[in-house]
Amino acid sequence: QVQLVESGGGLVQAGGSLRLSCAASGRTFSTYAMAWFRQAPGKEREFVAAISRFGGSTTYAGSVKGRFTISRDNAKNTLYLQMNSLKPEDTAVYLCAAGPNYGGSHYSLYNYWGQGTQVTVSS
């Protein structure tokens, strides 16, 4: 099992940047493929990005491609999401997730979730 804790959210102006972190609990972090999702009030949970166990493969939602970068540091048991050129429509709670297989875009494919961190982009 793994415990996940997100951090790094906040309020930022449109066009700005934020870097989110997701800290995992144990030495078996590299066992899991990881992903970021986001959820705005009254909306479905939306896939943002995914990364394979050793970071060799990544995939992104079309809405964030070219602006966001997912990465991981297995030695630090940490997942990251670098967000650039932020837009008001990026406003949401961002959640990290862990699962057995890489690349899934549906939330049901992931077993473990953090509590989320709020990102608010002002116009």
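Just above sits the structure.
Presented here is an overview of the structure given in this document. (Residues numbered from 1 in each chain as written. Predicted model: local features only at pLDDT ≥ 70, side-chain atom pairs only at ≥ 80, totals over all residues. Heavy atoms only, no water.)

1. What to know about the overall build of the protein
Using the following cut-off: Think of it this way: any DSSP run of H or I at least four residues long counts as a helix, any run of E at least two long counts as a strand, and we number them from the N terminus. Relative accessible area decides the class of each residue, using a 1.4 Å probe on protein chains only: under 20% of the type maximum gives buried, over 50% gives exposed, and in between gives partly exposed. In what follows, a contact means two residues having at least one pair of non-hydrogen atoms within 4.5 Å. Using a 1.4 Å probe, the Shrake-Rupley method yields the accessible areas, and only the shown protein chains count as cover for residues.
Helix and strand content of the protein: zero helices and eleven strands. Ordered by position in the sequence, the α and β elements of the protein form the string β-β-β-β-β-β-β-β-β-β-β. Expressed as a percentage of its 123 residues, the buried residues of the protein come to 42%. Intrachain contacts of the protein at a sequence separation of at least 6 include 57% that bridge at least 24 residues. For the protein, the computed accessible surface area is about 6,300 Å², with 46% contributed by carbon and sulfur atoms.

2. Some points on the sheet that holds strand β7 (residues 68–73)
Short version of the rule: In this description, strands pair whenever DSSP reports at least two bridges between them. Axis definition: a line fitted to C-alpha atoms, limited for helices to the stretch in contact. Angles are taken between N-to-C directions and run from 0 to 180 degrees.
Read from one edge of the open sheet, four strands run β1-β3-β8-β7, paired in antiparallel fashion. One side of each edge strand has no neighbouring strand; the edge strands of this open sheet are β1 (4–7) and β7. Strand-to-strand twist in this sheet, taken as the mean axis angle between neighbours without regard to direction, amounts to 15°. Taken together, the six bridges between β7 and strand β8 (residues 78–83) define a ladder with antiparallel strand orientation. Looking at the pairing, F68 lines up with M83 of β8.

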